[in-house]
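The primary structure of each chain is shown beneath.
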Amino acid sequence: AVYGLMGLELFSYAMFDRPDEVQRLLDGFGRQAVAAAEVAAEAQLAPLFFIGDDIAYKDRLMFSPDYIRRTCVQMIAAMCEPLNRAGIKVVYHSDGNLDAIMDDLVEGSGMEEGGNVQIAVEVVGGNVAAHVVAQNVDVVGVAVRIYVVP
């Protein structure tokens, strides 16, 4: 995520103080992400493509739903387009509560929430590791929400 380059606080200020520059960064990352999806679709190296970007906290989105729709959801939809055409299933993961944008995410990307997905959570050295295994997935993609309660 672009905010990872700048840190969340600086990114949050820049969204309002320098929106054009932030948009240029978002566009550049978006082009790179779509190019990676196009290469994966063409190469057909795996039946699944994982997209991960933390855009939410435990109880809410990190940014307004409108901002996420204009930026993240559009980029994810653009990434999913070549993958969908190639028959590659998409698994999307974000920490936190995506309820405010889940319908937009599913509709824009061609993914379906849920699906036949198994999630195993284990504690490794005090850290939580989540393993997502998709079996017999017969949908265009799968949007998975993983909630870990301490």
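This text goes with the structure placed above it.
Structure report, in brief. Only a predicted model underlies this, so the values are computations on that prediction, with no experimental measurement involved.

Cut-offs used in this document
- Residues numbered from 1 in each chain as written.
- Predicted model: local features only at pLDDT ≥ 70, side-chain atom pairs only at ≥ 80, totals over all residues.
- Heavy atoms only, no water.
- Buried < 20%, exposed > 50% of the residue type's maximum accessible area, 1.4 Å probe, protein only.
- Helix = DSSP H or I, 4+ residues; strand = E, 2+ residues; numbered from the N terminus.
- Pairing = 2+ DSSP bridges.
- Right-handed = clockwise from strand over helix to strand, strands pointing away.
- Phe/Tyr/Trp six-rings, centres within 6.5 Å; stacked < 30°, edge-to-face > 60°.
- Patch = residues over 30% accessible without salt bridge, like charges linked within 9 Å, V, L, I, M, F, W, Y side chains within 5 Å.
- Areas by Shrake-Rupley, 256 points an atom, 1.4 Å probe, with all protein chains shown as cover.
- Salt bridge = Lys/Arg side-chain N within 4 Å of Asp/Glu carboxyl O.

1. A short note on the pairing of strand S1 (residues 48-52)
Regular strands place their side chains on alternate faces of the sheet.
Right, on to step 1. Taking every second residue as pointing to the same face, the buried face of S1 carries Phe49 and Ile51, while none of Leu48, Phe50 and Gly52 on the other face is buried.
Right, on to step 2. In the sheet, S1 pairs with strand S2 (residues 89-93) via five bridges, with the strands oriented parallel. When the bridges of S2 are listed, phenylalanine 50 appears paired with valine 91.
Right, on to step 3. Each parallel crossover has a hand, and the one from S1 via helix H4 (residues 65-85) to S2 is right-handed.

2. Concerning the packing of aromatic side chains
Right, on to step 1. Evaluated as defined, the whole model comprises four aromatic pairs.
Right, on to step 2. The interplanar angle of 65° and the centroid separation of 5.5 Å between the aromatic rings of phenylalanine 11 and phenylalanine 63 together place this pair among those described as edge-to-face. Here phenylalanine 63 lies in the loop between S1 and H4 and phenylalanine 11 lies in helix H2 (residues 8-17), a separation of 52 residues in the sequence.
Right, on to step 3. A relative accessible area of 3% places phenylalanine 11 in the buried class.
Right, on to step 4. A relative accessible area of 10% means that phenylalanine 63 is categorised as buried.
Right, on to step 5. Three or more aromatic residues joined by ring pairs make a cluster, and in this case those are Tyr3, Phe11, Phe63 and Tyr67.

3. A few points about a nonpolar patch on the surface
Right, on to step 1. There is a patch of nonpolar side chains on the surface, built from Leu5, Leu25 and Phe29 and spanning about 260 Å² of accessible area.
Right, on to step 2. Mapped onto the secondary structure, leucine 25 falls in helix H3 (residues 19-43).

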